[in-house]
Amino acid sequence: MIDNYLGLLVALVIIILWILTIVTYQINDLTKVNYLIILLLILWQTFLNTGLFIIAHDGMHGLIFPSNIRVNDSISKIALILYAFLSYENLKEKHLLHHQFSGTNLDPDFHNNDNDNFLNWYIEFMTKYLSLKHLFRLSVLVLLSAYYCKVTWLHLLLFWALPLILSSLQLFFFGTFLPHRHGSKEKNDVSSIKSLYLPLFLSLIACYHFSYHQEHHQYPFIPWWKLPFFKTYIK
């Protein structure tokens with residue numbers, strides 16, 4: 001019962017922090033802020049962006065609020081809208097295929113050619129999830145929001161565009177490239193999925209414990225914040 005509400009609480013905290021920091025950046029004069037502080041703020045916003053996607057990912061597995069799937073899905077949709085105006089239904093459909101056919105040609109995340117080439121795989125991965133139509137719609141929505149909310153171009157670049165790009169690289173690197181690059185091309189073989197066992201704090205800031213990726217595939221009913229405690233169960 002506690003875990004049921006804890007997942008919801010964790011999701012809401014990340015969403016609220018993301019909104020508060022975006023607002024805080026806008027009301028501050030960047031010319032009076034040290035460059036090192038700006039860099040740290042960009043990294044912080046990247047971390048929160050990644051958190052939004054991880055929330056939505058848990059929602060795809062029904063883990064945000066298991067006792068009420070409508071609330072669960074609503075929180076996921078909000079997280080993806082804040083992240084990059086992404087479609088929850090589209091991503092959920094592809095992600096469940098990824099779990100069902102991981103590492104095969106039926107896996108939408110799978111790279112058929114050189115699995116050791118990070119850049120090629122990243123570009124192919126992004127083109128499967130981001131169409132030109134979506135990018136155009138995203139650009140229009142962001143520009144309209146910036147205009148009506150009086151957001152400067154510098155703020156938009158530093159605290160929205162750059163963290164979004166860095167977050168996508170972070171999610172791809174820890175959630176797809178590292179764990180799946182040597183996966184089976186013929187069958188869904190969980191044992192071929194690799195985990196990166198970092199210390200607890202590093203695992204959190206790296207990608208919300210998503211480096212425990214074999215654990216996630218073997219136990220998809222476990223929320224992200226519990227994954228480090230399940231590594232001992234992997235055989």
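Heads up: these notes are all about the structure in this document. The structure presented is a predicted model; accordingly, all values stated were derived computationally and were not measured.

How each quantity is defined
- Residues numbered from 1 in each chain as written.
- Predicted model: local features only at pLDDT ≥ 70, side-chain atom pairs only at ≥ 80, totals over all residues.
- Heavy atoms only, no water.
- Helix = DSSP H or I, 4+ residues; strand = E, 2+ residues; numbered from the N terminus.
- Rg over C-alpha atoms; globule rule 2.2 N^0.38 Å.
- Buried < 20%, exposed > 50% of the residue type's maximum accessible area, 1.4 Å probe, protein only.
- Contact = heavy atoms within 4.5 Å.
- Areas by Shrake-Rupley, 256 points an atom, 1.4 Å probe, with all protein chains shown as cover.
- Core = buried A, V, L, I, M, F, W, Y, C linked by side-chain atoms within 4.5 Å.
- Axes fitted to C-alpha atoms, helices over the stretch in contact; angles between N-to-C directions.
- Parallel < 35°, antiparallel > 145°, perpendicular 65-115°, else oblique.
- Left-handed = near helix turned anticlockwise from the far one by under 90°.
- Polar contact = N/O pair within 3.5 Å; in protein donor to acceptor, adjacent residues only side chain to side chain.
- 1 Å grid on protein atoms, 1.4 Å probe; cavity = no way out; pocket = protein on both sides within 12 Å on 5 of 7 lines; lining within 4 Å.
- Points joined across faces, edges and corners; volume = space filled by probe spheres on them.
- Nonpolar A, V, L, I, M, F, W, Y, C, P; charged D, E, K, R; others polar.

A few points about the overall build of the chain
For the chain, the helix and strand inventory stands at 9 helices and 0 strands. The N-to-C order of helical and strand elements in the chain reads α-α-α-α-α-α-α-α-α. For 235 residues, the compact-globule formula gives about 18 Å, and the C-alpha radius of gyration of the chain, at 18 Å, lands near that figure. On the principal axes, the C-alpha backbone points of the chain span a range of 55 × 45 × 35 Å. Evaluated residue by residue, the chain yields a buried proportion of 46% over its 235 residues. Once local pairs closer than 6 in sequence are excluded, the contacts in the chain between residues at least 24 apart make up 64%. In the form shown here, the chain has an accessible surface area of approximately 12,800 Å², with 70% of it arising from carbon and sulfur atoms.

Considerations on the nonpolar core
Leu52, Ile55, Ile64, Ile75, Leu80 and Tyr83 are the most contacted members of the largest nonpolar core, which has 43 residues in total. Broken down by secondary-structure element, the contributors of at least two residues to this core are helix 1 (2-26), helix 2 (35-60), helix 3 (69-84), helix 4 (88-100), helix 5 (118-129), helix 6 (132-148), helix 7 (153-180) and helix 8 (200-207). Excluding its chain neighbours within four sequence positions, the residues that come into contact with Ile55 are Ala11, Ile14, Ile15, Ile64, Ile75, Ser76 and Ala79. Tyr25, Leu30, Ile38 and Phe159 belong to the second-largest nonpolar core, a separate cluster that totals 6 residues.

Focus on the packing of helix 6 against helix 7
Between helix 6 and helix 7, whose axes approach to 11 Å, the crossing angle comes to 130°. Classed by the angle they form, the pair helix 6 and helix 7 counts as oblique. Taken as a pair, helix 6 and helix 7 cross one another with a handedness that is right-handed. Residues Leu138, Val142, Leu143 and Ala146 of helix 6 pack against Trp153, Leu156 and Trp160 of helix 7.

Some thoughts on the side chain of His57
Relative to the assigned elements, His57 resides in helix 2. Reaching out from His57, the side chain makes a polar contact with the side chain of His216 at a distance of 3.0 Å. Excluding residues that lie within four positions of it along the chain, His57 makes contacts with His95, His99, Phe210 and His216.

Points about the side chain of His95
In this structure, His95 sits in helix 4. Here His57 takes part through its side chain, which lies 3.0 Å from a polar atom of the side chain of His95. Beyond its immediate chain neighbours, meaning those up to four positions away, His95 contacts His57, Met60, His61 and His216.

Description of empty space enclosed by the protein
In this approach, a probe sized like a water molecule rolls over the atoms, and the result shows the empty space that is left. Considering all chains together, one arrives at 1 cavity of 30 Å³ or more under this definition. In this structure, the largest cavity spans a volume of roughly 50 Å³. If you trace the largest cavity, you find it lined by Gly7, Val10, Ala11, Ile55, Asp58, Leu63, Ile64, Pro223, Trp224 and Trp225. Mapped by element, the contributors of at least two residues to the lining of the largest cavity are helix 1 and helix 2. The leading source of residues in the lining of the largest cavity is helix 1, at 3 residues. For the lining of the largest cavity, the class distribution of residues is 8 nonpolar, 1 polar and 1 charged.

Things to note about the layout of surface pockets
Here the largest pocket defines a volume of roughly 670 Å³. If you list the elements that add at least two residues to the lining of the largest pocket, you get helix 2, helix 3, helix 4, helix 5, helix 6, helix 7 and helix 9 (213-218). Examining the composition of the lining of the largest pocket, we find that 8 residues originate from one element, helix 7, more than from any other. When grouped by side-chain class, the residues that make up the lining of the largest pocket number 20 nonpolar, 10 polar and 1 charged. Put simply, the second largest pocket is a space of about 480 Å³. In this structure, the second largest pocket is lined by 17 residues; those nearest its centre are Trp18, Ile22, Ser145, Val151 and Trp160.

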